[in-house]
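Chain by chain, the residues:
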Amino acid sequence: MTQNEQPARTRFAPSPTGYVHIGSMRTVIFNWLWAKHTGGRFLLRIEDTDRNRYVEGAEEQLKESIRRMGIEWDEGPDVGGPFAPYKQSERLALYHTYAEELLGKGHFYKCWCTPERLKQVNEEKQARKEPPGYDRRCRKLSAEERAAQEASGKPHVIRMAVPLDGETVVNDLIRGPIRFQNALQNDPVMIKSDGFPTYGMAAIVDDHEMQITHVMRADEWIATSPLHVLLYQCFGWEQPVWVHLPNVLGPDGKKLSKRHGDTSITDYLDKGYLPEALLNFLALIGWGYDETTEIMTRDELIERFTLDRISPSGGVLNIEKLNKFNGIYIRQMTPAELTEQLLPYLAEAGLVSAEPTAAERARVEELVPLIHERLVVLSEAPELLRLFFETPTTYDQALLVPKKLDAVTTAQALTTATAALRDAPEWEVATIEARLRALTEELGLKVGDLFMAIRVATTGSKVSPPLFETLHALGRDETLARLERATASLGSVSAGP
RNA sequence: GGCCCCAUCGUCUAGCGGCCUAGGACGACACCCUUUCAAGGUGUAGAUCGCGGGUUCGAAUCCCGCUGGGGUCACCA
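**Focus on the protein's contact with RNA strand B**
Piece 1. Around RNA strand B, the structure places 60 residues, and the nearest of them are G286, E294, E373, R374 and R455.
Piece 2. Among all atoms of RNA strand B positioned within 4 Å of the protein, those belonging to sugar or phosphate total 71%.
Piece 3. Here a phosphate oxygen of RNA strand B sits 2.9 Å away from a polar atom, N or O, in the main chain of V316.
Piece 4. Between RNA strand B and the protein, one listed contact pairs a sugar or linking oxygen with a backbone N or O atom of E320 at 3.4 Å.
Piece 5. Mapped by element, the contributors of at least two residues to the surface near RNA strand B are α4 (115-127), β4 (157-160), β6 (176-181), β11 (315-316), α11 (319-331), α18 (447-459) and α19 (467-474).
Piece 6. Residues belonging to the surface near RNA strand B are distributed by class as follows: 25 nonpolar, 11 polar and 24 charged.

Have a look at this one:
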């Protein structure tokens, strides 16, 4: 791109309040891709400055989610780095040092207004149809008043004294300059009364300290970004490149949230969407390489990812397309690889033991080719493979008897087929096929009718992997037993009135 | 409501003044292959580039207005 491509330092800075949703993961991916593309570093920083929203285990879950996607941070919790700690609750002293500095320069001021007063001010403003916001009372305190408040020792917050006029320009890389009137901004709280910094304070101090070169974050941060620019100006620090990413939207075109259902990245992973497929798919929401290329490996993505190709508009997550991608990636795996991935799902369904034995593993691997190209998502495997582990118990007569045939004819056909298969010289796919095809002529049945009757008789369903392979995998004894059972169920019908 | 962002087939997108009678992908539909389902192959439909003005010899591409959608207005991030 036109931008210099010096090694970038990017970061994903979530607050540990819950799971990582699919939109956040897309943000992670963009940050990570850009760092890797430029040969830079991707950091993870935990923004736990709101003790009211602390969620037990959220940090671990968050790290786990990112790792399951095959993404590692070069600096951050667990791995450390030159700017440790990477958790804001452990960096409190730093924020205070900087707050003191700006307090001294007059860019920050202490505010003793209580939440109750703030609320009241807002209500009054609302009543007067004025925009809500702090009235800056403490900013206008006289020296004596300030000294009095100071002496009282009452709890206070520290606010930034936003310029009363002029404008602040946020230079967003993909949107260009965005202008904001300073007069319309509020004096934001920088340090809360509990001594913790707010996002605006902590993020800017840390981004500067950690030498972040590109701040890539979700769209919704645009509105508060002028405050961040202002803070950089107060400190006299060089700003990072601002890159506000378009949102990943729900089917209704609104910001993705819990009400849209499975928005947690782990839900997708648990369902059996492959990390590679998810990565590829997510990279394509809000970014595109060229006119035709869509399927790209991790390395190709890294190689090709540039900021100038990020689009400014949000995109709806197209699950059908994700499914397609997942199928493509599944088909790229070897049977052995697929087997490994499938075992946990089969174990959960009770089809193999929790600690699969070598025999079970081998059995699954020989079955895998039968469903390989039919799998969309890993979790579908148990249903597709169940017929090889459990004998169908009931037969739907309507399914078993081909449309143009009756029960008696079908039973006879099945009986003949059973005999033919019993007599087959050996149990090979080609042999089974030869026998059965010959049968259609002998019986004068249509290929589809005979095969379908056998399919339903042996699998209990009209949909299955290819018949001959299926019978072969079932084994002769099991095949014959199922055939006989099905035939018997038909007999009871034909014996009826 | 104020401020801000966005606007190409149903969806994800290509397009950065002439290559566009707008390309690709998913989905849909049809056909081929075929023992079912898939996979694969071929093809069809689908976007007056949100609307209206400009600028220009020429606009999806630049400018303005409108409309629509979204975001944000906390001692949350």
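**Quick word on the pairing of strand β3 (residues 108-111)**
Piece 1. Burial along β3 is two-sided: F108 and K110 and Y109 and C111, pointing in opposite directions, are all buried.
Piece 2. Bridge analysis of β3 against β4 gives 4 bridges, and the strand direction is antiparallel. Counted as the bridge partner of Y109 is R159 from β4.

**A short note on the nonpolar core**
Piece 1. One finds L342, L346, L436, I454 and L471 to be the most contacted residues of the largest nonpolar core, which totals 53 residues.
Piece 2. For this core, the leading source of residues is helix α16 (residues 407-422), giving 7 residues.
Piece 3. Excluding its chain neighbours within four sequence positions, the residues that come into contact with L346 are L351, V352, V364, A381, P382 and L385.
Piece 4. Listed in part, the 48 residues of the second largest apolar core include A8, F12, W287 and M296.

**A few points about the domain arrangement of chain A**
Piece 1. Domain annotation for chain A reports domain 1 (9-88 + 248-316), domain 2 (91-245), domain 3 (334-385) and domain 4 (397-490).
Piece 2. Placing the centre of domain 2 and that of domain 3 at their C-alpha centroids yields a distance of 55 Å.

**Describing the pairing of strand β1 (residues 9-12)**
Piece 1. Every second residue of β1 is oriented toward a common face, with R9 and R11 on one face and T10 and F12 on the other, all of them buried.
Piece 2. Sheet topology note: the β1/strand β2 (residues 41-44) ladder contains 4 bridges and is parallel. Paired with T10 across the strands is F42, a residue of β2.
Piece 3. A crossover links β1 with its parallel partner β2, the connecting element being helix α1 (residues 22-37), and its sense is right-handed.

**Comments concerning the packing of aromatic side chains**
Piece 1. In the structure shown here, the tally under the stated rule is 11 aromatic pairs.
Piece 2. Ring centres of Y232 and W237 lie 6.4 Å apart, and the angle between their planes is 70°; on these two criteria the pair is classed as edge-to-face.
Piece 3. Judged by relative accessible area, which is 1%, Y232 ranks as buried.
Piece 4. Look at F235 and W237: their rings are 3.9 Å apart centre to centre, the planes differ by 10°, and that puts the pair in the stacked class.
Piece 5. Given the relative accessible area of 7%, F235 is considered buried.
Piece 6. Judged by relative accessible area, W237 falls into the buried class, the value being 15%.
Piece 7. Feature note: the residues Y98, Y232, F235, W237 and W242 constitute an aromatic cluster, connected by ring pairs.
Piece 8. Over the ring of Y134 we find R159, and its NZ or CZ is 3.9 Å from the ring centre.
Piece 9. K271 extends its terminal NZ or CZ atom over the ring of Y268, reaching a point 5.7 Å from the ring centre.

So, how was this worked out
- Residues numbered from 1 in each chain as written.
- Chains lettered and ligands numbered in written order.
- Predicted model: local features only at pLDDT ≥ 70, side-chain atom pairs only at ≥ 80, totals over all residues.
- Heavy atoms only, no water.
- Near = heavy atom within 4 Å.
- Polar contact = N/O pair within 3.5 Å; in protein donor to acceptor, adjacent residues only side chain to side chain.
- Helix = DSSP H or I, 4+ residues; strand = E, 2+ residues; numbered from the N terminus.
- Nonpolar A, V, L, I, M, F, W, Y, C, P; charged D, E, K, R; others polar.
- Buried < 20%, exposed > 50% of the residue type's maximum accessible area, 1.4 Å probe, protein only.
- Pairing = 2+ DSSP bridges.
- Core = buried A, V, L, I, M, F, W, Y, C linked by side-chain atoms within 4.5 Å.
- Contact = heavy atoms within 4.5 Å.
- Domains from an automatic or database assignment.
- Right-handed = clockwise from strand over helix to strand, strands pointing away.
- Phe/Tyr/Trp six-rings, centres within 6.5 Å; stacked < 30°, edge-to-face > 60°.
- Lys NZ or Arg CZ within 6 Å of the ring centre and 35° of its normal.

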